[in-house]
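Given next are the chains, with one letter for each unit.
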Amino acid sequence: MSVSTMKDLLKHELGDLLYAEQLILKMLGSLTREVKNPEMLSRVQEHIGETEEQIQRLRRAFEAIGERAKAETCHAAVGLKEEHDSFKSEESPSKQLLEAFDLGNSLRVEHYEIAGYRSAIAVATAMGEREVAALLGESLREEEAMASFIERNSVRALRMLGTGVDLATGAAEVQFTPASEGGSSRGGGSKSSGSKSSGSKSSGSKSSGSKSGSKSSGSKSGGSKSASKSGGSSGGRTTADRSSGSKSGGSSSKSGGSSSKSSSKSSGSKSGGSKSSGSKSGSKSSGSKSGSKSGGSR
């Protein structure tokens, strides 16, 4: 139809809305088969009745301006339906994700209708067509109320859909099992306090798989080797010590799966609070030759 006057424009606006409401009525029927949320479903069914009344108001609006009701193809409404149909066929969503999509698509539809009614009301008001403006105003308020309902409830509905809840029954379709946070710990080293070995004193020492060897000028020191097993802390005491001119003590402990080899620097020396972890150290002693072997020390 050729639009050359304001009345022609108003007829176009009314025809556009009539086509849109008739198509949306069909879309709402399909929506009732996809929506499982009881509250949403009830509201959609109520809106079907409102849409049917909106179609009748548009027919009366045509009568008010002395024209026969005629629908004009609304390409925007066609596009909204195609968007829904293509998402459903091309994306192959689950029932839950389709329902989640329907919330957004329904809101788009409502906002399009709101814009359409407001535009037509403006034209009718400018022309002085108060009856038409009043009829369209009733439908506008219903569309605004529907849009507001969707906006208020969509976030909660989406959260339920996102966690796998069947909104028709409230039962969880997908069970989420939290990962176990429990575990076992292994001790990599032991603590020994107040241990004595061949005249040397060590307190609060920690050893974990450490190795140490001593070098002396003109002498040979094999170091001491001891092995002990205990449930807690352990300290080594050497037996069958051999010394020549000097006293040298070294100890190694094995506790909780850890082992160490160590040699001391001098006879009768004291060392406190020493720590060794995977380290190598060497000490010098003059003319000393020592080697000890101990087992089962505590």
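One can find the structure itself at the top, above this paragraph.
Here's what I pulled together on the structure shown here. Please read these numbers as outputs of a predicted model, since none were measured by experiment. (Residues numbered from 1 in each chain as written. Predicted model: local features only at pLDDT ≥ 70, side-chain atom pairs only at ≥ 80, totals over all residues. Heavy atoms only, no water.)

## Some points on the packing of helix α1 (residues 6-31) against helix α2 (residues 38-64)
Angle between the axes and distance between the axes are the two parameters that describe a pair of packed helices.
Okay, so step 1: Running from N to C, α1 and α2 cross one another at 160°; their axes reach a closest spacing of 9 Å. The orientation of α1 relative to α2 falls into the category roughly antiparallel. α1 and α2 meet at a crossing whose hand is left-handed. Contact residues: α1 offers K11, L14, G15, L17, L18, E21, Q22, L25, L28, G29 and L31, while α2 offers V44, H47, I48, T51, E52, Q54, I55, L58, R59, A61 and F62.
Okay, so step 2: Taken together, the residues that form the contact of α1 with α2 break down as 12 nonpolar, six polar and four charged. (Axes fitted to C-alpha atoms, helices over the stretch in contact; angles between N-to-C directions. Helix = DSSP H or I, 4+ residues; strand = E, 2+ residues; numbered from the N terminus. Parallel < 35°, antiparallel > 145°, perpendicular 65-115°, else oblique. Left-handed = near helix turned anticlockwise from the far one by under 90°. Contact = heavy atoms within 4.5 Å. Nonpolar A, V, L, I, M, F, W, Y, C, P; charged D, E, K, R; others polar.)

## Concerning empty space enclosed by the protein
In this approach a probe as big as a water molecule rolls over the atoms, and the regions it shows empty are the leftover space.
Okay, so step 1: On inspection of all chains with the given rule, the structure shows two cavities of 30 Å³ or more.
Okay, so step 2: Its volume calculated, the largest cavity comes out at about 80 Å³.
Okay, so step 3: Around the largest cavity, the lining residues are L31, V35, M40, V44, E99, D102, L103, S106, M146 and I150.
Okay, so step 4: Among the secondary structure elements, those contributing two or more residues to the lining of the largest cavity are α2, α4 (95-127) and α5 (130-162).
Okay, so step 5: In terms of residue count, the dominant contributor to the lining of the largest cavity is α4 (four residues).
Okay, so step 6: Lining the second largest cavity are N37, E39, M40, F149, N153, R156 and A157.
Okay, so step 7: Elements with a minimum of two residues in the lining of the second largest cavity: α2 and α5.
Okay, so step 8: In terms of residue count, α5 provides more of the lining of the second largest cavity than any other element does, four residues in total.
Okay, so step 9: When the residues that make up the lining of the second largest cavity are grouped by side-chain class, the tally is three nonpolar, two polar and two charged. (1 Å grid on protein atoms, 1.4 Å probe; cavity = no way out; pocket = protein on both sides within 12 Å on 5 of 7 lines; lining within 4 Å. Points joined across faces, edges and corners; volume = space filled by probe spheres on them.)

## Focus: the environment of S2
Okay, so step 1: Tracing the sequence through the fold places S2 in the segment before α1.
Okay, so step 2: Considering only alpha carbons, one finds S2 and H12, 10 residues apart in sequence, at a separation of 9.6 Å.

## Observations regarding the environment of E129
Okay, so step 1: Positionally, E129 belongs in the loop between α4 and α5.
Okay, so step 2: Residue class for E129 comes out partly exposed when judged on its relative accessible area of 24%.
Okay, so step 3: As a C-alpha pair, E129 and I65 span 64 residues in sequence and 7.8 Å in three-dimensional space.
Okay, so step 4: Residue contacts for E129: discarding those within four places in its chain leaves L10, A64, I65 and A124. (Buried < 20%, exposed > 50% of the residue type's maximum accessible area, 1.4 Å probe, protein only.)

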